Amino acid sequence: MPFVTAKTQQSAYDVIVVGSGAAGGQSAYTLCMDGAKVLMLEAGRKYSPDTETPMFQTPDLAPLAGTGTPEKPFGFYDATVDGGWQVPGEPYTRASEEDAGRFEWWRARMLGGRTNHWGRISLRNGPYDFKPYSRDGLGQDWPIGYEDIAPYYDKVELLIGVYGSNEGLENTPNSPPGCLLPPPKPLVSDLLVAQRAKRLGIPVIPGHRAVLTQPLDYRRSPARLHPGNATAQRILAEDMRKRAACLWATPCGRGCAIRANYQSTTVHLPPALRTGNLDIRTDAMVYEVTLGRDGRASGVSFVDRLSGKHLHVKARVVILAASACETVRILLNSNSARFAVGLANSSGKLGRYLMDTVGSSVSGQVPLLESLPPLNEDAADGHQLYVPWWLYQEQHAGKLGFARGYHIEFGGGKRMPGFGTAAGIEWLTGGSYGAKFKQDVRRYYGSFVDFDGRGEMIPNDQSYCEIDPQVKDKWGIPVLRFHWQWSEHELKQAAHMQKTFVDIIEAMGGKPRDPPQSDGAKAIAPGGSIIHEVGGAIMGSDPKSSVTNPWCQTWDVENLFVTDGAVFASNADKNPTLTIMALAWRAADHILERMRRKEL
Amino acid sequence: MDRRTTIKWVLAAGAAWPLVERRAASADPASSAAQAARGYGTDPNLLTNNHPGELWPLTLTAAQQRLAGILSDIIIPADEHSPSASAVGVVEFIDEWVSAPYPTQQRDRGIVLGGLAWLNAEAGRRFGKEFSDLDAARQHGICDDICDEARAASERREAARFFALFRDLTAGGFYSSPVGRKDLNYIGNVPLASFDGPPAALLKTMGLS
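Caption draft 1: The arrangement of the overall build of chain A in detail. For chain A, the helix and strand inventory stands at 17 helices and 18 strands. In terms of overall dimensions, chain A is globule-like: its C-alpha atoms have a radius of gyration of 23 Å, near the 25 Å expected for 600 residues. Dimensions of chain A, computed from the C-alpha atoms along their principal axes, are close to 75 × 50 × 45 Å. The buried share among the 600 residues of chain A stands at 60%. If you take every contact in chain A between residues at least 6 apart in sequence, the share linking residues at least 24 apart comes to 74%.

Caption draft 2: Representation of the environment of Asn261 of chain A within the structure. Residues and elements named next belong to chain A. Mapped onto the secondary structure, Asn261 falls in the loop between helix H8 (230-242) and helix H9 (264-267). Here Asn261 falls in the buried class, since 25 other C-beta atoms lie within 10 Å of it. As for Asn261 and Ala95, which are separated by 166 residues in sequence, their C-alpha atoms are 38 Å apart. When residues no more than four places from it in sequence are discounted, the contact partners of Asn261 are Arg120, Ala210, Val211, Leu212, Cys252 and Cys256.

Caption draft 3: Inspection of the interface of chain A and chain B at higher detail. Residue-level contacts link 64 residues of chain A with 59 residues of chain B. Those elements that place two or more of their residues in the side of chain A that touches chain B are helix H6 (188-199) and helix H14 (435-444) of chain A. Ranked by the residues each element gives to the side of chain A that touches chain B, the list is headed by H14 of chain A, at 5 residues. Its residues assigned to classes, the side of chain A that touches chain B comprises 41 nonpolar, 11 polar and 12 charged.

Caption draft 4: Examining H14 of chain A more closely. All names here are of chain A. Residues of H14 that are buried include every one of Phe437, Lys438, Val441 and Tyr444, and no others. Down the axis of H14, the smallest arc covering the buried residues is 140 degrees, so these residues share one side. Looking at the residues trailing H14, positive phi occurs at Gly446, about 85 degrees.

Caption draft 5: Spotlight on the confidence of the model for chain B. When pLDDT is averaged along chain B, the result is 87, and 82% of the positions lie at 70 or above. Here the predicted complex carries an ipTM of 0.95, next to a pTM of 0.94.

Caption draft 6: Looking closely at the sheet that holds strand E17 (residues 511-512) of chain A. Residue and element names in this part refer to chain A. The antiparallel open sheet is built from 6 strands, whose spatial order is E6-E12-E13-E14-E11-E17. The two strands at the open ends of the sheet, each matched to only one other strand, are strand E6 (205-206) and E17. Inspection of the sheet shows strand E13 (residues 406-411) paired to strand E14 (residues 448-455) by 6 bridges, in the antiparallel sense. Each bridged residue has a counterpart across the sheet, and for Ile408 the counterpart in E14 is Gly453.

Caption draft 7: Spatial organisation of the environment of Asn50 of chain B. Looking at the secondary structure, you find Asn50 of chain B in the loop between helix H2 (29-34) and helix H3 (62-75). Taking the number of C-beta atoms within 10 Å as the measure of exposure, Asn50 of chain B has 20 and is therefore buried. Among residues more than four places away in sequence, those in contact with Asn50 of chain B are Leu61, Ala62 and Pro63 of chain A together with Leu55 of chain B.

Caption draft 8: Just H6 of chain A, in detail. Under the 1.5 Å per step criterion, the end-to-end length of H6 of chain A is 17 Å for 12 residues, consistent within 8% with the ideal 16 Å. What H6 of chain A keeps buried is the set Val188, Ser189, Asp190, Leu191, Leu192, Val193, Arg196 and Ala197 of chain A. The elements touched by buried residues of H6 of chain A are strand E12 (385-387), E13, E14 and helix H15 (488-507) of chain A together with helix H9 (200-205) of chain B. Just downstream of H6 of chain A lies Gly201 of chain A, where phi reads positive at about 80 degrees.

Caption draft 9: Inspection of the pairing of strand E11 (residues 358-365) of chain A at higher detail. In terms of strand pairing, E11 of chain A meets E14 of chain A through 8 bridges, oriented antiparallel. Within E14 of chain A, the residue paired with Val362 of chain A across the bridge is Phe451 of chain A.

Caption draft 10: Structural view of the packing of helix H5 (residues 103-127) of chain B against helix H7 (residues 157-175) of chain B. Residue and element names in this part refer to chain B. Closest axis-to-axis distance for the H5/H7 pair is 9 Å, and the angle between their directions is 115 degrees. Taken together, the axis directions place H5 and H7 in an arrangement best described as roughly perpendicular. For the crossing formed where H5 meets H7, the hand is left-handed. From H5, Asp108, Ile111, Val112, Gly114, Gly115 and Trp118 reach across to H7, where they touch Ala159, Arg161, Phe162, Leu165 and Phe166.

Caption draft 11: Geometry of unusual backbone geometry. All names here are of chain A. Phi at Arg120 is positive, roughly 65 degrees, even though this residue is not glycine. Inspection of the secondary structure assignment puts Arg120 in the loop between strand E5 (107-108) and helix H3 (127-130). Of note in this structure, Ser371 is not a glycine but carries a positive phi near 50 degrees. If you trace the backbone, Ser371 turns up in the loop between E11 and E12.

Calculation rules
Residues numbered from 1 in each chain as written. Chains lettered and ligands numbered in written order. Predicted model: local features only at pLDDT ≥ 70, side-chain atom pairs only at ≥ 80, totals over all residues. Helix = DSSP H or I, 4+ residues; strand = E, 2+ residues; numbered from the N terminus. Rg over C-alpha atoms; globule rule 2.2 N^0.38 Å. Buried ≥ 20, exposed ≤ 12 C-beta atoms within 10 Å, placed from the backbone. Contact = placed C-beta atoms within 7 Å. Nonpolar A, V, L, I, M, F, W, Y, C, P; charged D, E, K, R; others polar. Arc of directions from axis to C-beta. pLDDT = per-residue confidence, 0-100. Pairing = 2+ DSSP bridges. Expected span 1.5 Å × (residues − 1). Axes fitted to C-alpha atoms, helices over the stretch in contact; angles between N-to-C directions. Parallel < 35°, antiparallel > 145°, perpendicular 65-115°, else oblique. Left-handed = near helix turned anticlockwise from the far one by under 90°.

Right under this line is the structure:
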């Protein structure tokens, strides 16, 4: 009875996991494979990628040709249901309505959360990324180093399946042999970018994404992942065999019915359920961690969204993995005589150091890519190649005027035609229509390359979230209010991205859609809009200045853990999901060890 | 499911999916009015085929449909490779678009309805007829004045913005269709046993080997 209701739910569990995405999925997986009894609570509905994923559907079958609307912001076929920049009945507020202080919060109320639609980009943080303060005196160091988390990067890559290569570049770690799957072949446009960027001294290497370019190694990986645990090895081997390799079509953002990419619902939850140790309750909106008289977390309170009833469930350990901001919200709303301003907040740091990724984009048109013969370029759905940050030395020498780096994601090719294929191309056609327009569209189709920078933001005192004193959601739960401010480091970095992208486009013989934006405030995407929000319950080595210890365990409440992005002490340019999973696995191992020793 | 079974399954499923015939809207006005303000919600069924008029009531009158058809075919006429825009259901697509309850579409609705009215007014002012009743040369004469916002006279700037939007909508409907995909020689969206990358000969020609 894996999916439970009030009637079938147990009275108590070893561990409650709040959230079912990358953090919740990994936490539950690790715990269940080692025998812990886990109840997972998910605010959204049950979701089944095997039957619900729109594989191969074409835009003509969707309303509005599949374009995004406020109800499906990333397009009709995006995997996200009941989510987006706004969730009906569940508002959030901003302290400032000015653009510079804008923060957007993406949520997905569904089993698997945002992992169902994410970009699958899976980069390891490097050694520098855990010790940024030590390198340049800004922000703060993590209480752990790369060597502490590296074994868990290995495990996650083996479990979920990540393609990529080992290039040995600075602060861009290699994986041990056998961890990575082979990268996909690049497209024509990828190779042109690589050739011309190289002339500018910019390295272009295979990307890392959680997509199976070949079947997983079900004979060897289970033993590497679960040594001495025959049951776990058997369950995992069986499950790995059921995951098909990529069939080189249909966008990953729709989810994958054949389980060829990672989403929590196709990778973490099936084997965890097979152990018999996992119960999942969906439509369970957790709003409070309750505290016992002994000062330990006694369980959580939640609203059953179907009945509207407020319920409580108990466990020995509580793990919050609800996404950085939702986790912070739950803790800030968990007040008691002992913790009047939020649970586990004796440091006063709860909600502080909220970070997103710096984002900026330029598109260009490249004559060399015009009128190519028919090619199937669906490939791995992008990120066959990417540019890791390459100016560490110049930056460290103070030559750039901003302190942290960015990587470049880019893409071109003959993608499936749709609403945007021939939209807004007057800058090339001079406003043609008729037979000439049709010829122009054929000529330009597949000749565009888009560049997106993804850069590190330094945490600051002006970017945080707190409880709005007035506004509550439809369940009566107080909502978050966001404060946001970029520093000069991020704005200058965004302007640097613009110039770099235009330089590459011009080196390809192309022209940018718009001139490079030299004003960083105009070049930078709004806070939160890259959907890499992390921080808010940062880990540290000092209880006075951080919320959790190096094991994701809150300093104040021994049996309360945070395994999502809230614990990030910095937000490297590398996309956070792989690190979230590695930290969650490490924290779950620690919890298991402490439970075996009867310390929890 | 092993890989071979998977690919078979996908191929079979692909073959079973019907090629959708865009059909004219036949929304019942009474039931349409009741749901006038509603979109498809945050959790629509992604696996059913959707037709204009099923999700929200449509807007265009018969005369507006005719005018939209003529204009969309001026923008995307039939040629030796593919049929015209109206032949693949672009008018129904535009009607669905301007009738949708979302902010972008509500904004576009005003521009499109205003622009269609402007076309007739301009045709009447110049030639004393409706746009639909003009010969092709005169229709093109009006379009030439508004087809490029950068070059349009200031008093026709708004009409040029309408034309740009209408061209985007026409192209959006056309290239989203099976005919549009074929016109562009798109050969993806099919399962492959392996992805082998671009042909070596092409890369050699381009100096990318």
